[in-house]
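# Close look at the chain arrangement
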Amino acid sequence: MPNLTLTALFRPEILAMSAYHVADAHHFIKLDAMENPYGWPTDIQQAWLEQLKDCPMNRYPDPEAKTLVAALRASNHIPAESGLLLGNGSDEIIQILQMALPGNATIMAPEPGFVMYKQIALSLGLRYQGVPLLTDDFDLDLPAMLAAIESSQPSLIFLAYPNNPTGNLFDAGAIKEILAIAPGLVIVDEAYAPFADASFIGELPNYQNLLVMRTVSKLGLAGLRLGFLAGDNTVLAQLHKVRLPYNINCLTQITAQFALTHQNFLVEQTSDICQQRGEVLAALQGMEDIKCYPSAANFILIRTLNHPADDVFISLKKQGVLIKNLSPQGGVLHNCLRVTIGKQEENQTFLTALRNALKNP
Ligand SMILES: *Cc1c(COP(=O)(O)O)cnc(C)c1O
């Protein structure tokens, strides 16, 4: 039997990559992954379990998830003329979009930004071009974006709105200028829509090259893995050919449909998180030794000014609080940390632990 030669078997770009790393959060107060900290009310949970009984586990799920699509359209106010494509998380949609492109296509995104845009481009052997954001407020550097679009002619431009990990909403006028000159598709990634007072969904009828992507993950259903892409039907028809036929399993279809028709509890949870975001931001702004950035999402970006962020991160972990250390990503994220907004008592524990960490580095 011949020995496997992995270096001959796999593409060089795969061999050079590292797998997406997820920290082990056991026994920590988990404020690292933009999850909703709340569970479901008992009566809602009971009603949901009742519905799950009707799920025909022996059958393939509806490949078009028609009932769920209707619920998503209604709760997200999708314009009648726009189509919808569902994904196993919006991560899968990012992959579907890129898999449909020719091998010499360029993917573009502002940086720092969501890492999966680049990770998936590299895994598919596509070109990826990051364009730096302005360093003071992390808004789009519009002249730099327009110049990069002009010279690289990207097939896809990803704009997270609000942006992860910076938390801000880019200038809407700048996004419209990008839409007006982009030769390919512009994906406005609204993963944090439940916490932001802004959206491009209403603009869908105005731009054929605009796609709006959303997910139920940050709303409170991260365990389900469900995202969707809204936009021009002729564009989505091509992407549907790349999508695997049963990518949304029947448990996800029934559960998401159920959650959307009982969404009051989720709306209450997200508005509580927004309230908490204000309190955490105010507390952080009162601390010396750090700079924090305003956020339209359910997390806050922090920069340490007089301590290495790595040390603060480790000290927080020792105190039982897990946040995200962005400092290893380097560049403008050097000495940056990102904290997800949790329950009030979790946020208070985090703030106390942070004060300790800054006092005794
Ligand atoms: C979390 C996140 C996603 C991924 O969402 P899933 O639906 O859970 O895959 C996409 N885009 C941004 C900007 C995110 O922060």
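Residues numbered from 1 in each chain as written. Predicted model: local features only at pLDDT ≥ 70, side-chain atom pairs only at ≥ 80, totals over all residues. Heavy atoms only, no water.

## Considerations on the environment of Leu 84
For Leu 84, the location among the structural elements is in strand β2 (residues 83-87). On the basis of relative accessible area, Leu 84 is assigned to the buried category, the value being 11%. Separated by 67 residues in sequence, Leu 84 and Met 17 have C-alpha atoms that sit 32 Å apart. Apart from the residues within four sequence positions on either side, Leu 84 is in contact with Val 69, Leu 72, Arg 73, Ile 78, Phe 228, Leu 229, Ala 230, Leu 236 and His 240. (Helix = DSSP H or I, 4+ residues; strand = E, 2+ residues; numbered from the N terminus. Buried < 20%, exposed > 50% of the residue type's maximum accessible area, 1.4 Å probe, protein only. Contact = heavy atoms within 4.5 Å.)

## Things to note about the pattern of salt bridges
All told, the structure shown has 8 salt bridges when counted by the stated rule. Taking the shortest distance from any N to any O, the salt bridge between Glu 190 and Arg 214 comes out at 2.9 Å. Here Glu 190, found in the loop between β6 (185-189) and β7 (210-215), pairs with Arg 214, found in strand β7; they are 24 residues apart in sequence, far enough to count as distant. In terms of burial, Glu 190 and Arg 214 fall into one category: buried. (Salt bridge = Lys/Arg side-chain N within 4 Å of Asp/Glu carboxyl O.)

## Here's the deal with the domain arrangement of the protein
Examined at the domain level, the protein breaks down into domain 1 (6-41 + 265-359) and domain 2 (57-261). Taking only C-alpha atoms, the centre of domain 1 and the centre of domain 2 are 23 Å apart. Across the contact, 30 residues belong to domain 1 and 31 residues belong to domain 2. Counting each side, the surface lost to burial between domain 1 and domain 2 is near 2400 Å², with a carbon and sulfur contribution of 70%. For the pair domain 1 and domain 2, the number of links is 6 residue pairs in polar contact (both at pLDDT 80 or more). In terms of residue count, the dominant contributor to the side of domain 1 that touches domain 2 is helix α12 (residues 264-285) (5 residues). Residues of the side of domain 1 that touches domain 2, tallied by class, amount to 18 nonpolar, 6 polar and 6 charged. (Domains from an automatic or database assignment. Buried area = accessible area lost by both parts, 1.4 Å probe. Polar contact = N/O pair within 3.5 Å; in protein donor to acceptor, adjacent residues only side chain to side chain. Nonpolar A, V, L, I, M, F, W, Y, C, P; charged D, E, K, R; others polar.)

## Topic: the packing of helix α5 (residues 90-99) against helix α6 (residues 115-123)
Following both chains from N to C, one finds α5 and α6 inclined at 40 degrees, their axes separated by 10 Å at the closest point. With respect to their mutual orientation, α5 and α6 come out oblique. As α5 runs across α6, the sense of the crossing is right-handed. Seen from α5, the contacting residues are Asp 91, Ile 94, Gln 95 and Gln 98; seen from α6, they are Met 116, Tyr 117, Ile 120 and Ala 121. (Axes fitted to C-alpha atoms, helices over the stretch in contact; angles between N-to-C directions. Parallel < 35°, antiparallel > 145°, perpendicular 65-115°, else oblique. Left-handed = near helix turned anticlockwise from the far one by under 90°.)

## Considering a nonpolar patch on the surface
On the surface, Leu 4, Leu 6, Leu 9, Phe 10, Ile 14 and Leu 15 cluster together into a nonpolar patch covering about 580 Å² of accessible area. Going through the elements one at a time, α1 (6-9) and α2 (12-16) are the ones with two or more residues in the nonpolar patch. Secondary-structure assignment places Leu 4 in the segment before α1. (Patch = residues over 30% accessible without salt bridge, like charges linked within 9 Å, V, L, I, M, F, W, Y side chains within 5 Å. Areas by Shrake-Rupley, 256 points an atom, 1.4 Å probe, with all protein chains shown as cover.)

## A look at helix α7 (residues 142-152)
Considered for burial, the residues of α7 that qualify are Leu 142, Met 145, Ala 148 and Ile 149. Along the long axis of α7, the arc covered by the buried residues comes to 130 degrees, so they all point the same way. Exposed side of α7, more than 90 degrees from the buried face: Pro 143, Glu 150 and Ser 151 are the residues found there. Each element contacted by the buried residues of α7 is listed here: β3 (106-111), β4 (127-132), β5 (156-160) and α8 (172-181). Gln 153, located one to two residues past α7, shows a positive phi value of around 45 degrees. (Arc of directions from axis to C-beta.)

## Comments concerning the layout of surface pockets
Vacant regions in the atomic arrangement are exposed by a probe of water-molecule size rolled over the atoms. Considering only enclosed or pocket space, the second largest pocket measures out at about 440 Å³ in volume. In this structure, the second largest pocket is lined by 22 residues; those nearest its centre are Ser 75, Asn 76, Ala 193, Pro 194 and Arg 214. Looking at the lining of the second largest pocket element by element, the count peaks at 4 residues for α12. The residue inventory of the lining of the second largest pocket, partitioned by class, reads 11 nonpolar, 8 polar and 3 charged. If you count residues domain by domain, the lining of the second largest pocket takes at least three from each of domain 1 (6-41 + 265-359) and domain 2 (57-261). (1 Å grid on protein atoms, 1.4 Å probe; cavity = no way out; pocket = protein on both sides within 12 Å on 5 of 7 lines; lining within 4 Å. Points joined across faces, edges and corners; volume = space filled by probe spheres on them.)

## Details of the site of the ligand
Taken together, 14 residues form the shell around the ligand, and within it Asp 189, Tyr 192, Thr 215, Ser 217 and Lys 218 come nearest. Measuring from a nitrogen atom of the ligand, one finds a side-chain N or O atom of Asp 189 at 2.5 Å. Lys 218 places a side-chain nitrogen or oxygen 3.2 Å from an oxygen atom of the ligand. Taken by itself the ligand offers 380 Å² of open surface, and the protein chains cover 94% of this. Put simply, the parts of the chain that give the shell around the ligand at least two residues each are α5 and α9 (217-221). Looking at the shell around the ligand residue by residue, the classes come out as 5 nonpolar, 5 polar and 4 charged. (Near = heavy atom within 4 Å.)

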